[in-house]
Amino acid sequence: ERLLVRPRHVEIQVLADDHGSCVHLFERECSIQRRHQKLIEEAPSPAVDPELRRRLGEAALAVAGAVGYVGAGTVEFLLEPSGEAFWFLEVNARIQVEHPVTEAVTGLDLVRLQLLVAAGEPLPLAELSQAEVRGHAIEARLYAEDPAAGFLPQTGVLHRFRVGAGGAAGGPAVRVDAGVADGSVVGVHYDPLLAKVVAHAPTRPEAARMLASALAGAQLHGVVTNRDLLVGVLRSESFLAGDTDTGFLDHHPPAELTAAGSAAGPLTTRLHAAAAALAAQAARRAATTVYVAAPSGWRNNPSQLQRVALDVVQGPAAVLVGYRFDRTGALVALEVDGDPLPGPRLWHCTADLVDLEIEGVRRRFEVHRVGDTAYVDSSLGHSELRDHPQDPASAGPGGSGAEPGGSMVSSLPGVVRRVLVGVGEWVEAGDVLVLVEAMKTEHRVAAARPGRVLRVLVAEGQEVTAGTTVVELEEAADG
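Calculation criteria
- Residues numbered from 1 in each chain as written.
- Predicted model: local features only at pLDDT ≥ 70, side-chain atom pairs only at ≥ 80, totals over all residues.
- Heavy atoms only, no water.
- Helix = DSSP H or I, 4+ residues; strand = E, 2+ residues; numbered from the N terminus.
- Buried < 20%, exposed > 50% of the residue type's maximum accessible area, 1.4 Å probe, protein only.
- Areas by Shrake-Rupley, 256 points an atom, 1.4 Å probe, with all protein chains shown as cover.
- Lys, Arg positive; Asp, Glu negative; His and termini not counted.
- Charge placed at Lys NZ, Arg CZ, Asp CG, Glu CD.
- Axes fitted to C-alpha atoms, helices over the stretch in contact; angles between N-to-C directions.
- Parallel < 35°, antiparallel > 145°, perpendicular 65-115°, else oblique.
- Left-handed = near helix turned anticlockwise from the far one by under 90°.
- Contact = heavy atoms within 4.5 Å.
- Arc of directions from axis to C-beta.
- Pairing = 2+ DSSP bridges.
- Polar contact = N/O pair within 3.5 Å; in protein donor to acceptor, adjacent residues only side chain to side chain.
- Salt bridge = Lys/Arg side-chain N within 4 Å of Asp/Glu carboxyl O.
- Core = buried A, V, L, I, M, F, W, Y, C linked by side-chain atoms within 4.5 Å.
- 1 Å grid on protein atoms, 1.4 Å probe; cavity = no way out; pocket = protein on both sides within 12 Å on 5 of 7 lines; lining within 4 Å.
- Points joined across faces, edges and corners; volume = space filled by probe spheres on them.
- Nonpolar A, V, L, I, M, F, W, Y, C, P; charged D, E, K, R; others polar.

J.: Honestly, the overall build of the protein in this entry has me stumped. Any pointers?
T.: Helix and strand counts for the protein come out as 10 helices and 32 strands. By principal-axis analysis of the C-alpha atoms, the protein measures approximately 90 × 65 × 40 Å. By residue count, 47% of the 479 residues in the protein fall in the buried class. Carbon together with sulfur atoms contributes 52% to the accessible area of the protein, which is approximately 22,400 Å² in total. On the protein, the mean spot of the 42 positive side-chain charges and the mean spot of the 61 negative ones are 6 Å from each other.

Shown next, in the form of structure tokens:
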């Protein structure tokens, strides 16, 4: 089989009916992938000119005709970097996840056409013959997965889901095909795809900016997603230059793209922590039944600031916010980690909205609190903060697959597919003990150190939750 170095993944949309008609509706590029699954798709391809488009279309029609294909389908090719030669990959005999980008640039409803064909009707050739590519469309697949952990699927309750015009930054209107809503539970039995987000604009750079803005301004609370990675790709110089291939995420480390896609920085952390603290005090004042008219933290003789400690998820260990209101209820002091925020002015403050001015810059912070966690969204980005435990001993131990005492745990919920060790066996550090499958991903629970298997606590076919102990090891003997 021919070796193709850094090829592009380009596919052709075809439609065929029972009456002998078969047409193609141009190409889509799907080169941005992880584990050979597509993340970002676009139409048209930045690497395809009219002549290459004609050749690809003819090849796709020849494939469909050779097998007597009927319905909507996709003929996929690998395109050499030179753009001169392309090679057949496969046929997807169905409507594709990325079909909206073709709908956007052609104005056609592919699902409607597929249903008409299935009902035995002929394709509307007069309408299809007028189809042409108008503008550029890009689709991003928003997954519940953690790129930093090898794209492991994530589970949990999606407390809030807002994408597009409903985003915190009032982002642009985009097409959102979602399978979730506020309160949806992301489980282990289905693909972790949350939504397809599609932007259509006159040019490719405009579409990329529109889509990146919509994703960056989205409110996604409760489940780790690949949102920051997608934004990082869409804003990267290589992508904007059209320099993409199927190994894009090999050449551009996901960790770097995710960091670039996240607006989180020192200023974001400081202001979001301040907003979370101010929103929490507003919630407490709104719920009080004693001295309702008194400002938060009121003292007859003002002394120290009110202080609250917050843990920043996927950030610094903790931040300490201090604030003080005067007897009129005006905010007169605000600091983070002992560093005053200059010229604070609080225009409006409720449990879910903080309108705060610092150094003459006024910003709105949306705060969504669930239990001890505050999700903060603003034009600066997004943060997740938790109330810092009063007793450090109450914080649970960390780790990645191992707990104190020789217990090996599953880091994600799923189904145990294979148990590879038995009681009494000796294992070395790194030996795979159990395979856990979740949403088409296989996770290996490995021994963190040498030792003898003391207990196997799961069986094949058993469902486990994140943190479930699967194997216990005896302590390794000295010497």
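J.: What is the right way to look at the packing of helix H5 (residues 204-216) against helix H6 (residues 227-234) in this model?
T.: Think of two packed helices as two axes; the pair is described by the angle between the axes and how far apart they sit. The contact between H5 and H6 brings their axes to 9 Å, and the two run at 160°. In terms of orientation, H5 lies roughly antiparallel with respect to H6. Two packed elements cross with a definite hand, and for H5 against H6 that hand is left-handed. Contact residues: Ala208, Leu211, Ala212, Leu215 and Ala216 in H5; Arg227, Leu230, Val231 and Leu234 in H6.

J.: Looking at this structure, how should I read helix H9 (residues 254-261)?
T.: Side chains three or four residues apart in an α-helix point the same way, a direct result of the helix having 3.6 residues per turn. Restricting attention to buried positions, one finds in H9 the residues Pro254, Leu257 and Gly261. Burial along H9 is one-sided: seen end-on, the buried residues are contained in an arc of 65°. Along H9, exposed side chains directed more than 90 degrees from the buried face belong to Ala255, Glu256, Ala259 and Ala260.

J.: In this structure, what is going on with the sheet that holds strand S16 (residues 319-325)? I would like to understand it.
T.: Strand-to-strand pairing in sheets goes through backbone hydrogen bonds, with the strands running parallel or antiparallel. Pairing is antiparallel across the open sheet formed by 9 strands, whose spatial order is S18-S17-S16-S15-S23-S22-S21-S20-S19. The open sheet terminates on both sides in strands that have one partner only, identified here as strand S18 (339-340) and strand S19 (345-349). Alignment of strand S17 (residues 331-336) against S18, held across 2 bridges, turns out to be antiparallel. The residue of S18 that forms the bridge with Glu335 is Pro340. Contacting strand S15 (306-312), S16, S17, S18, S19, strand S20 (353-358), strand S21 (361-370), strand S22 (373-378) and strand S23 (381-387), helix H10 (residues 266-287) runs over the sheet at an angle of about 50° to S16.

J.: Before we go on, may I ask you to explain the side chain of Glu41 in this structure?
T.: As for its placement among the helices and strands, Glu41 is situated in strand S3 (residues 37-43). A distance of 2.6 Å separates polar atoms of two side chains, one belonging to Glu41 and the other to Arg141. With residues near it in sequence (within four places) discarded, Glu41 still touches Glu29, Cys30, Glu98, Val101, Ala137, Ile138, Glu139 and Arg141.

J.: Looking at this structure, how should I read the side chain of Ser383?
T.: Along the chain, Ser383 turns up in strand S23. Among the polar contacts made by the side chain of Ser383, one reaches the side chain of His272 at a distance of 2.7 Å. Residues contacting Ser383, with those up to four places away along its chain left out, are Thr268, His272, Ala374, Tyr375 and Val376.

J.: Whenever I open this one, the environment of Val434 confuses me. Can you help?
T.: By the secondary structure assignment, Val434 is in strand S28 (residues 432-438). With 24 residues separating them along the chain, Val434 and Val458 place their C-alpha atoms 8.9 Å apart. If sequence neighbours within four positions are ignored, Val434 has contacts with Val416, Arg418, His443, Arg444, Val445, Val458, Val470 and Val471.

J.: Sorry, what's going on with the pattern of salt bridges here?
T.: Pairs can form between side chains of opposite charge whenever their charged atoms are close. Taken as a whole and judged by the stated rule, the model has 25 salt bridges. A salt bridge links Lys38 to Glu98, with the nearest nitrogen and oxygen atoms 2.8 Å apart. Within this pair, whereas Lys38 is found in strand S3, its partner Glu98 is found in the loop between strand S5 (86-92) and helix H2 (99-106), the two being separated by 60 residues in sequence. Classification of Lys38 as buried rests on a relative accessible area of 9%. A salt bridge links Asp339 to Arg270, with the shortest nitrogen-to-oxygen separation between them at 3.4 Å. Note that Asp339 is positioned in strand S18 and Arg270 in helix H10, a separation of 69 residues in sequence.

J.: Where do I start with the nonpolar core in this structure?
T.: A general feature of soluble globular proteins is that nonpolar side chains tend to end up buried together. Of all hydrophobic cores here, the largest spans 38 residues; its most connected members are Ile40, Val233 and Phe239. Sorting the residues of this core by element identifies S3, strand S6 (136-143), strand S13 (193-201), H5, H6 and helix H8 (248-251) as the ones contributing at least two each. Of the residues forming this core, the biggest block, 6 residues, is contributed by H5. For Ile40, the contacting residues outside a window of four places in its chain are Glu29, Cys30, Ser31, Ile32, Ile138, Glu139, Ala140, Leu230, Val233, Leu234 and Phe239. Of all hydrophobic cores here, the second largest spans 27 residues; its members include Ala274, Tyr323, Val354 and Val367.

J.: Any chance you could explain the layout of surface pockets here in plain terms?
T.: Any space left empty among the atoms is revealed by the rolling of a water-sized probe across them. In this structure, the largest pocket occupies an estimated 970 Å³ of space. Forming the boundary of the largest pocket are 31 residues, of which Val224, Asp228, Val313, Gln314 and Glu384 lie nearest the centre. Among the residues making up the lining of the largest pocket, the classes are represented as 12 nonpolar, 13 polar and 6 charged. If you add up the space inside the second largest pocket, you get close to 740 Å³. Mapped onto the lining of the second largest pocket, the elements with two or more residues apiece are strand S2 (22-34), S3, strand S4 (71-79), S5, S6 and H8.

J.: I tried to follow the pairing of S6 on my own but got confused; where do I start?
T.: On a regular strand, each side chain points to the face opposite its neighbour's, so the side chains alternate between the two faces of the sheet. Counting buried positions along S6 yields 8 of 8 residues, so the element is predominantly enclosed. Here 4 bridges tie S3 to S6, and the two strands are oriented antiparallel to one another. Opposite Glu41, over in S6, you have Glu139 as the bridge partner. Across 8 bridges, S6 lies against S13 in antiparallel orientation. Looking across to S13, one finds that Tyr143 is bridged to Leu193.

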